[in-house]
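Understanding the architecture of this molecule
Chain residues, written in single-letter form:
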Amino acid sequence: MPQDKDFWQAAKRLFREAKSHAAGDRQAYLRQACGSNSELYDQVMSLLATESHASDSISDIVSQVAKLAVTDDLPTGETVGRYRVIKNLGEGGMGSVYLGERIDEDFEQRVAIKVLASRHPTPEIVKRFRSERQILANLEHPNIARLIDGGETQNGLPFLVMEYVSGTEIDDYCDADGLSIRQRLKLFRQVCRAVEYAHRNLVVHRDIKPSNILVTEDGVPKLLDFGIARLLDTSSSDRPETLYALTPDYASPEHVLGKRVTTSSDIYSLGVLLYELLTGKRPHDFTGKRPSEIEHELFHSLPDRPSRSKNKEQSVRRQLAGELDNIVMMALRADADERYASVGELSNDVQNYLEGKPIQAVEHRYFYLLSKFVSRNRIAVAGSAIFLMSLLIGGIYHVNQVTAERDRVRLEAQKTAAVSEFLKDIFRVANPDQSHGQAISATEILDRGAEKLKSDLYGQPDIRAELLATVGTVYGYLGSYDSAVEKLTEAIELSRELNQQEDLANRLLELGSTQYLMGDTEDSRNNILEAGRIIQRVGLQGTTLHATQTYEMGQALFHLGKYDEALEKTKEALALGERLKSEGGDLVAMSSLHAIGQIFHFQGKLDDSESYLRRSLDAISKRASSMPTTVQTYKHDLAAVLHDKRDYQEAEKLYLEVYEEEPKLLGVDFPNLDVGMSNLGRLYKDMGQYEKSEKFLREAIAHSNRVRGEVHQFSAYNNNNLGRLLTEIKRYEEAEVVFEQVLDVYTQTLEPDNPYIASALLGYSALLFKTQRHDQAEPKIRRAIEIFASAVPDDHFLAVQARTALGESLLGQGKLQEAGPILKGVWDGLSEKPADDPAVVRILERLVRWAEQSDSAAEARKYRSLLQRTE
């Protein structure tokens, strides 16, 4: 609709009235005030959203826009240069846009005429409009709306004549035609080519969004409206950009802040566009949000990965998982320096994905589990190749590390020959003639194999499925979980088609194991449950495969925070493994011993935990030469229990051994390295060595953010530990920001009743106590108590901490009658604990305060006397 004088007057009035309402009430007020006029509602909301980010005040912008509207529309039939006005098409950039036609006799041509809509334009506005005309004059590209002509109206207003594009906005076009993911990506690449061309000509678009990209009937996207584009400033000026137009949902963080806009800003907007084309929604929803909220979300809250979008069915989300997730999220990074260096790189990554080639947008998760191939030394290359080849061949028969059933599966001679040829081909990349003297990593060799499988062995699906499963499993060993899931999923689909029930069960277990390591706990449990149903259906009960499935089910339940169920299932796996020791069940038994020790630890049964973990460490130490990384894992978990038992000296010794050894064995990018760093940070906090504590905690956070991503439950766990440290050293404002981030990530990645959430709520509450906000702490603590009630026994140290915290919250609010019974109940449960137990000290301190505030001198003396015994 044309935006006339009345429209802008109404917008200006509603903008002022909306500002008089509280921020949380503005959206509801505008919906009522605007009624069915959605265009008016959107306009005022946009003005409100961008208010604080303009270098001019937003009210000045509104006034300026209102001035632009004082000129009546050019009437139908008006002549502008060699063109006749047919009708008003609306507003674009800084001018009004009209449909027109050429009036000379030689041509019949429909055009879009853009005229500066101000009777008294300022010199700056005229300069910018003419700049736009010059910019467009320099751009000739099939995916950019072409400039045809330009000049000035009879009133002296500059105008330009552009190619008239009749088409559909790109997102509507994709949905209306039901385009597949691949078709959408190809269309997106055409848009990239247009923007890349503009960047080569020193032009930044600055307002890339679906309404500025129309797709013609022939399926050709056309990029419109360079009305806010600027020629790239090749000077070294650091002056901030002036905000003349901005669409917050698509603008880059630096654009929203009014900073200088560069080609990287367009890359961010293209990332938003791609996100929307793939998921049907934008990465951020800024509707009704204040400018400060928009800024905070852009810099401190990562959007969901496209594959986690609830808008799409599971099959589409599976397509998006992995490489497409990485491509989009790299384009959307808040720091411009961390995005793609150019639109060409973004476009190339999309093309590489379409062709099945490796992409640039990896999340830096890949590492060397095996030593590098020193290609200039043929003997070393051959030795390394033979070692990795034996790992891969072994993986074909032993895809699951704890499953010996595959020992009974032997491929026929034809299969052996096919596998041998496949392995020779992928190792050919390590040949010095091909590598040109460069060191080749295990991951690079695996990537070659994965790429080869995209085109090979389609006539031999059983072999292809086996190799896909093997490659997927080894990706999992290397910590490349997205690639592992992709290959295992493909192997599973082939197994279903081939009706290979036993192989299907094995591959579902491998996928489930990888998924809980990634934090996808619900999908993990579902796949492991399906494997169990297959085992029952085909009569494989009592086999090593059954023992493995039972163990993996216990692990899935453990990661879901269902500790009692996990313990029961893992003890069942231990019994099965011990019965099947001669058939390969010894690995299941050893893994189960360790898992039971972990579960006891989380349940607060520290003596039982230490016993099982020492037994499992003794067992794994006998295999140290063949399983050195597992030795370090078991050693670390024993250190964690000793830490909680306050045996700090032995715990520190074991933690530091693991910290030194794991990177050598696994590479510096192995995902789980952050666990050891974080626990060292916790240990030094408990020892009062705060500088060391912060060093290791921040190292853990940086590592986890890099290899797992910021929106991951383990990244949040590391931040939770940092929040507790910051609280203890009285950096309260920093701590509060950290706890908010932790809870936001946990909400996105965990089930609502997961104990990790409760632990974070308790940490946050401790901060609120320090800042005298006991009333705000109470609902958080009560929620934590609800979670613990279904996850751990009443005497678990976390449950005790939660009830103690509730008593403190009530005490701080002066609710003495409520606080007393709760605090006394906690003391009754702890009275048999050692006098110097930290939980005993905490509860007695609070009971002394409660008695003093209640004017109960006798009880105050009683609890003070007990407290003195702890000193």
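Calculation criteria
- Residues numbered from 1 in each chain as written.
- Predicted model: local features only at pLDDT ≥ 70, side-chain atom pairs only at ≥ 80, totals over all residues.
- Heavy atoms only, no water.
- Helix = DSSP H or I, 4+ residues; strand = E, 2+ residues; numbered from the N terminus.
- Buried < 20%, exposed > 50% of the residue type's maximum accessible area, 1.4 Å probe, protein only.
- Contact = heavy atoms within 4.5 Å.
- Areas by Shrake-Rupley, 256 points an atom, 1.4 Å probe, with all protein chains shown as cover.
- Pairing = 2+ DSSP bridges.
- Axes fitted to C-alpha atoms, helices over the stretch in contact; angles between N-to-C directions.
- Parallel < 35°, antiparallel > 145°, perpendicular 65-115°, else oblique.
- Left-handed = near helix turned anticlockwise from the far one by under 90°.
- Nonpolar A, V, L, I, M, F, W, Y, C, P; charged D, E, K, R; others polar.
- Core = buried A, V, L, I, M, F, W, Y, C linked by side-chain atoms within 4.5 Å.
- Expected span 1.5 Å × (residues − 1).
- Polar contact = N/O pair within 3.5 Å; in protein donor to acceptor, adjacent residues only side chain to side chain.
- Phe/Tyr/Trp six-rings, centres within 6.5 Å; stacked < 30°, edge-to-face > 60°.
- Lys NZ or Arg CZ within 6 Å of the ring centre and 35° of its normal.
- Salt bridge = Lys/Arg side-chain N within 4 Å of Asp/Glu carboxyl O.
- Patch = residues over 30% accessible without salt bridge, like charges linked within 9 Å, V, L, I, M, F, W, Y side chains within 5 Å.
- Lys, Arg positive; Asp, Glu negative; His and termini not counted.
- Charge placed at Lys NZ, Arg CZ, Asp CG, Glu CD.

Here we take up the overall build of the protein. In terms of helices and strands, the protein carries 37 helices and eleven strands. Out of the 871 residues belonging to the protein, those deemed buried represent 55%. Of the contacts formed within the protein by residues at least 6 apart in sequence, a portion of 62% connects residues at least 24 apart. Accessible surface, the protein: about 38,200 Å² in total, of which carbon and sulfur atoms supply 47%.

Let us look at unusual backbone geometry. The phi angle at Arg206 is positive, at roughly 75°, despite the residue not being glycine. Among the secondary structure elements, Arg206 is positioned in the loop between β8 (203-204) and β9 (213-215). You can call Arg206 buried: its relative accessible area is 5%. The phi dihedral of Lys730 is positive, around 70°, even though this residue is not glycine. By the element assignment, Lys730 lies in the loop between α30 (713-728) and α31 (732-749).

This part takes up the pairing of strand β5 (residues 147-152). Two strands pair when backbone bridges link them, and β5 and strand β6 (residues 158-163) are joined in this way by five bridges, in the antiparallel orientation. From the neighbouring strand, Gly151 faces β6, where its bridge partner is Phe159. Linking β5 back to β6 in an antiparallel pair, the connection comprises five residues, with Gly156 at a positive phi of about 85°.

On to the packing of helix α25 (residues 606-621) against helix α26 (residues 628-644). It is the contact of α25 with α26, at a shortest axis distance of 9 Å, that shows an interaxial angle of 160°. As the angle between them shows, α25 and α26 are arranged roughly antiparallel. Both α25 and α26 take part in a crossing whose hand is left-handed. For the pair formed by α25 and α26, the contact residues are Leu606, Ser609, Glu610, Leu613, Arg614, Ser616, Leu617 and Ile620 on the first element and Thr630, Val631, Tyr634, Lys635, Asp637, Leu638, Val641, Leu642 and Asp644 on the second. When the residues that make up the contact of α25 with α26 are grouped by side-chain class, the tally is nine nonpolar, three polar and five charged.

Another aspect to go through is the nonpolar core. Counting 86 residues, the largest nonpolar core has Phe788, Trp827, Ile843 and Leu844 as the members making the most contacts within it. Among the elements that line this core, the one with the most residues is helix α32 (residues 755-770), at nine residues. Sequence-distant contacts of Trp827, that is, excluding residues within four places in its chain, are made with Val840, Ile843, Leu844, Leu847, Tyr863 and Leu866. In terms of nonpolar packing, the next biggest core, distinct from the first, is built from 52 residues, Ala194, Leu298, Leu320 and Leu354 among them.

In this section: α32. Since the α-helix packs 3.6 residues into each turn, any two residues three or four apart lie on the same face. If you check α32, its first and last C-alpha atoms are 23 Å apart, about what 16 residues at 1.5 Å a residue would give, namely 22 Å. For α32, the N-terminal capping position is held by Asn754, with its side-chain oxygen 2.9 Å away from the main-chain nitrogen of Tyr756. Within two residues after α32, Gln772 carries a phi angle of roughly 60°, on the positive side.

Below, the discussion takes up the packing of aromatic side chains. Summed over the entire model, instances satisfying the criterion amount to nine aromatic pairs. A centroid spacing of 5.2 Å and a plane angle of 85° characterise the contact between Tyr659 and Phe696, whose relative ring orientation is edge-to-face. Placement of the pair is Tyr659 in helix α27 (residues 648-666) and Phe696 in helix α29 (residues 690-707), with a sequence separation of 37 residues. The class for Tyr659 is partly exposed, based on a relative accessible area of 24%. Ring centres of Tyr746 and Tyr756 lie 6.1 Å apart, and the angle between their planes is 55°; this geometry places the pair in the tilted category. With Tyr746 in helix α31 and Tyr756 in helix α32, this residue pair connects regions lying ten residues apart in the sequence. Looking at Tyr746, the relative accessible area reads 1%, which means it is buried. Taken together, the ring pairs connect Phe558, Tyr563 and Phe602 into an aromatic cluster. It is Arg615 that lies over the ring of Tyr612; its NZ or CZ is 5.1 Å from the centre.

So, on to the environment of Phe299. Note on placement: Phe299 falls in helix α10 (residues 291-300). Classification of Phe299 by relative accessible area gives partly exposed; the value is 36%. In this structure, the C-alpha to C-alpha distance between Phe299 and Glu254, residues 45 residues apart in sequence, is 9.9 Å. The residues contacting Phe299, other than those within four sequence positions of it, are Pro253, Leu257 and Ala334.

It is worth spelling out the pattern of salt bridges at this point. Applying the stated criterion across every chain, the model contains 38 salt bridges. For the salt bridge of Glu572 with Lys569, the shortest nitrogen-to-oxygen distance reads 3.7 Å. Taken together, the positions of Glu572 and Lys569, both in helix α23 (residues 563-579) and three residues apart, correspond to about one turn of that helix. Since its relative accessible area comes to 34%, Glu572 is described here as partly exposed. By relative accessible area, Lys569 is classed as partly exposed at 27%. Connected through shared salt-bridge partners, Asp607, Glu610, Arg614, Lys645 and Glu650 make up one network.

Mapped onto the secondary structure, Pro142 falls in the loop between α5 (123-137) and β5. Between the C-alpha atom of Pro142 and that of Arg193, which follows or precedes it by 51 residues, the distance is 9.6 Å. With sequence-adjacent residues up to four places away left out, Pro142 is seen in contact with Val220, Pro221 and Lys222.

Moving on: a negative patch on the surface. Where like charges cluster on the molecular surface, the negative patch consists of Asp335, Asp337, Glu338 and Glu710. By secondary structure assignment, the location of Asp335 is in the loop between α12 (323-331) and α13 (343-355).

A few words now on the packing of helix α24 (residues 586-602) against α26. In a packed pair of helices, the relevant descriptors are the angle between the two axes and the axis-to-axis distance. Interaxial distance between α24 and α26 falls to 11 Å at its minimum, and their mutual angle equals 25°. In terms of orientation, α24 lies roughly parallel with respect to α26. Seen from above, α24 lies across α26 with left-handed handedness. Residue-level inspection shows Met590, Ser591, His594, Gln598 and His601 of α24 in contact with α26, the latter providing Thr633, Tyr634, Asp637, Ala640, Val641 and Asp644. Here the contact of α24 with α26 is built from residues that sort into four nonpolar, five polar and two charged.

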